[in-house]
Amino acid sequence: MEEFRITLPLPSQKTVTEKTRFHDGLERQVSLFGPGMRKQQTDVPEFSDINRWLADNCFGDYYTRNGLNDREREMITFCFILAQGGCEDQLRGHTAGNIMAGNDKSKLYSIVEQCMPYIGYPRTLNAMNIIDEVVDQLSK
């Protein structure tokens, strides 16, 4: 049997600096969710702090790191939001992000089915309806 050994400390996974992470994060958001994300940074002033934090921190730090690809990150984010419940709009957004990243409808169904014992039937059925809705909208 092959031995598995981790050398600590692990190498840094960061690919951005404090100065570049907002721009790089916004570009990552645009690549996953479309050009409307860039517009939200300037056209929704009441959410400007939150939108900037999402671009700078979530996407500029976490989504730009080495180690996981966009498909994996979107799948994980989808699971987090799915488990929270009451976040249907965000689940719609990350369903679209998953599709854009390469996780198709059957993959998303499979993810929801794996989460079902932890989230219950109502959230499972709601999520599958959201997947259907978003896939239908994207195919038009």
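Thresholds applied
- Residues numbered from 1 in each chain as written.
- Predicted model: local features only at pLDDT ≥ 70, side-chain atom pairs only at ≥ 80, totals over all residues.
- Heavy atoms only, no water.
- Core = buried A, V, L, I, M, F, W, Y, C linked by side-chain atoms within 4.5 Å.
- Buried < 20%, exposed > 50% of the residue type's maximum accessible area, 1.4 Å probe, protein only.
- Helix = DSSP H or I, 4+ residues; strand = E, 2+ residues; numbered from the N terminus.
- Contact = heavy atoms within 4.5 Å.
- pLDDT = per-residue confidence, 0-100.
- Phe/Tyr/Trp six-rings, centres within 6.5 Å; stacked < 30°, edge-to-face > 60°.

Caption draft 1: Representation of the nonpolar core within the structure. In terms of nonpolar packing, the biggest core is built from 17 residues, with Phe78, Leu82, Leu91, Val112 and Ile131 touching the most fellow members. Among the elements of the structure, α4 (70–84), α5 (88–101) and α6 (105–138) are those that each provide at least two residues to this core. Counting residues per element, this core draws most heavily on α6, at 11 residues. Sequence-distant contacts of Val112, that is, excluding residues within four places in its chain, are made with Phe78, Leu82, Thr124, Ala127, Met128 and Ile131.

Caption draft 2: Spatial organisation of the confidence of the model for the protein chain. Overall, the predicted model of the protein chain reaches an average pLDDT of 89, with 98% of residues at or above 70. Taken element by element, the protein chain is modelled with least confidence in helix α2 (residues 36–43), mean pLDDT 79, and with most confidence in α6, mean pLDDT 96.

Caption draft 3: Structural view of the packing of aromatic side chains. Under the definition given, this model contains two aromatic pairs. On the basis of an interplanar angle of 85 degrees and a centroid distance of 5.9 Å, the ring pair of Phe33 and Phe59 is categorised as edge-to-face. Here the residue Phe33 occupies a position in helix α1 (residues 21–33), and Phe59 occupies one in helix α3 (residues 48–62), the gap between them amounting to 26 residues. Given a relative accessible area of 6%, Phe59 falls into the buried group. Every member of this aromatic cluster is reached through a ring pair, and the members are Phe33, Phe59 and Tyr63.

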